Amino acid sequence: MLYAADEMKKFVSATDAKINQNYYCPRMRCKALFEKRSKKAVHFAHYKSACNLFTEGETVAHLKGKKLLAKWEEELGYSVQPEAYLSDLKQRPDVLVKRQGRNDLALEYQCAPITPKRLVERSNGYRSIGLNFFWILGQKYKLGKKLTNATAKFIRWNASLGFYLLFLDPINKKIEIDYGIQKADFLPVRYLRGYVKSLRELRDFFNRNHSWKMYRLSADLRAEQSKKLEVRLHFSKGKIRKLQMACYTKRIDAKELIWDMVSPHYYQPIYSEDSCYWKSSLSLTLFSGESFSLQSEYFKIKRENCYFMPFVSSVDSILKKDISYVIKKSQINSNYEKSET
């Protein structure tokens, strides 16, 4: 913690604390707080299991990140309360920003793992009292070749940036913006990247019109997709094996079916697995003439193939549009097959 209360119930910054003084949890319900100083960061810490208010172990990066965000907000002229305790919610945002004439803002610098359930609970808590909020991620969440479930749940969408994420590097004092995030079957996730060195610069970055687009796949990338599909068909594991077995019983070429559903361009990053799998499975069901409930199929596809994205409202519309495309494409293929016979 960056702040604690002294004997007079006055808030004291860890940088101003005195070694021989007693300090307490800001909730004033436990006296198990002691001052801890290190070469890397100065902060307060609880005795082990003394208070359930702080559920995450604080790293040096987390401490530095909170201080940096608070400093940047103050530079914008706002009143800042680091680690402000919201008694109605029993929550403590990393930085609470008081904004005259606008809703106050809760900033969360998330370095530790958090479950989807807890993420939604905390976010809904802020909404319930009229607080705007934003989650900024630590370096452990950074994008690589894959978009993991752990990171995807923080994604937001903006008309200028598309799907995007924010990462704070408190050591180098900069924010990384990964935007225009998109995926393609069997290929690494693709995105653009920008950097800013203050929240003022971040605000300016959001106000600019960014020229991102959904990319089409080059001939080389299409060849790479085809090669990776062949490898997966060869090893025949997981979902692709299930498709192979289903195709075998219906005398359908599995490679031809799946390849027909491999998108020739990048797509919105709402799917946790390559989208060609669920599209091929749905196409196979349609082609075989089996009866099924489209609504049930929709919920099944969403449950089994989509990331959990609580801050993106367009997931349902994107999925429904893709399902309609598969149905239309399967009908065209079916009519073509009939005309050939």
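Residues numbered from 1 in each chain as written. Predicted model: local features only at pLDDT ≥ 70, side-chain atom pairs only at ≥ 80, totals over all residues. Heavy atoms only, no water.

Student: How would you sum up the overall build of the chain? Please name residues and give values.
Tutor: Broken down by element type, the chain carries 10 helices and 12 strands. Going through the 341 residues of the chain one by one, you find that 48% of them count as buried. Here the analysis covers contacts within the chain between residues at least 6 apart in sequence; of these, 59% occur between residues at least 24 apart. Looking at the chain as shown, the accessible area adds up to about 19200 Å², and 50% of this sits on carbon and sulfur atoms. (Helix = DSSP H or I, 4+ residues; strand = E, 2+ residues; numbered from the N terminus. Buried < 20%, exposed > 50% of the residue type's maximum accessible area, 1.4 Å probe, protein only. Contact = heavy atoms within 4.5 Å. Areas by Shrake-Rupley, 256 points an atom, 1.4 Å probe, with all protein chains shown as cover.)

Student: Help me get a handle on the nonpolar core, residues and values and all.
Tutor: Ranked by size, the top nonpolar core spans 51 residues in total, and within it Ile270, Met309 and Leu319 carry the most contacts. If you tally residues by element for this core, the top one is helix H10 (residues 315-340), at 6 residues. Each residue touching leucine 319, except ones within four places of it in the same chain, is listed here: Ile270, Tyr271, Trp278, Tyr298, Ile301, Lys302 and Cys306. In this structure, Leu69, Leu161, Leu168 and Leu199 belong to the second largest nonpolar core, which totals 24 residues. (Core = buried A, V, L, I, M, F, W, Y, C linked by side-chain atoms within 4.5 Å.)

Student: Break down the packing of helix H6 (residues 238-249) against helix H8 (residues 275-288) for me, citing the residues and quoting the values.
Tutor: Direction vectors running N to C along H6 and H8 enclose 20°, while the axes themselves pass 10 Å from each other. By the angle between their directions, the pair H6 and H8 is classed as roughly parallel. Judged by the sense of rotation from one axis to the other, the crossing of H6 with H8 is left-handed. Counting all contacts with H6, which are made through Lys239, Ile240, Leu243, Ala246 and Cys247, the residues of H8 involved are Tyr277, Ser280, Ser281 and Leu284. The residue makeup of the contact of H6 with H8, split by class, is 6 nonpolar, 2 polar and 1 charged. (Axes fitted to C-alpha atoms, helices over the stretch in contact; angles between N-to-C directions. Parallel < 35°, antiparallel > 145°, perpendicular 65-115°, else oblique. Left-handed = near helix turned anticlockwise from the far one by under 90°. Nonpolar A, V, L, I, M, F, W, Y, C, P; charged D, E, K, R; others polar.)

Student: Kindly report on the packing of aromatic side chains, identifying the contributing residues and their values.
Tutor: By the definition in use, this model includes 11 aromatic pairs. Their ring planes at 75° and their centres at 5.7 Å tell us that tyrosine 179 and phenylalanine 205 sit as a pair that is edge-to-face. Of this pair, tyrosine 179 sits in strand E11 (residues 174-182) while phenylalanine 205 is found in helix H4 (residues 199-207), placing the two residues 26 residues apart along the sequence. The ring of phenylalanine 311 carries arginine 156 above its face, with NZ or CZ at 5.0 Å from the centroid. Here the guanidinium or amino end of lysine 320 rests over the ring plane of tyrosine 298, the centre of that ring lying 5.6 Å away. (Phe/Tyr/Trp six-rings, centres within 6.5 Å; stacked < 30°, edge-to-face > 60°. Lys NZ or Arg CZ within 6 Å of the ring centre and 35° of its normal.)

Student: Can you tell me about helix H2 (residues 116-128), naming the residues and giving the values?
Tutor: With 13 residues, H2 extends 18 Å between its outermost C-alpha atoms, agreeing within 8% with the 18 Å of an ideal straight helix rising 1.5 Å per residue. By the burial criterion, the buried members of H2 are Leu119, Arg122, Ser123, Gly125 and Tyr126. An end-on view of H2 places all buried positions within 150° of arc, on one side of the element. Opposite the packed face of H2, turned more than 90 degrees from it, sit the exposed residues Lys117 and Ser128. Looking at the packing, one finds that the buried side of H2 touches strand E7 (105-110) and strand E8 (132-137). With its phi angle positive at about 80°, glycine 130 sits one or two positions after the end of H2. (Expected span 1.5 Å × (residues − 1). Arc of directions from axis to C-beta.)

Student: Give me the lowdown on helix H5 (residues 219-235), citing residues and values where you can.
Tutor: Over its 17 residues, H5 extends 25 Å from the first C-alpha to the last, a length consistent with the 24 Å expected when each residue adds 1.5 Å. Buried within H5 we find Gln225, Ser226, Leu229 and Leu233. Down the axis, H5 shows its buried residues gathered within 95° of arc, on one side only. Across H5 from its buried face, at more than 90 degrees, point the exposed residues Asp220, Lys227, His234 and Phe235. Positioned one or two residues after H5, serine 236 has a phi angle of 50°, which is positive.

Student: Describe unusual backbone geometry, with residues and values.
Tutor: Residue glutamate 83 is not a glycine yet carries a positive backbone phi of 60°. Mapped onto the elements of the fold, glutamate 83 is located in the loop between strand E5 (79-82) and strand E6 (95-98). The backbone of serine 236 shows a phi angle near 50°, a positive value even though the residue is not glycine. As for its placement among the helices and strands, serine 236 is situated in the loop between H5 and H6.

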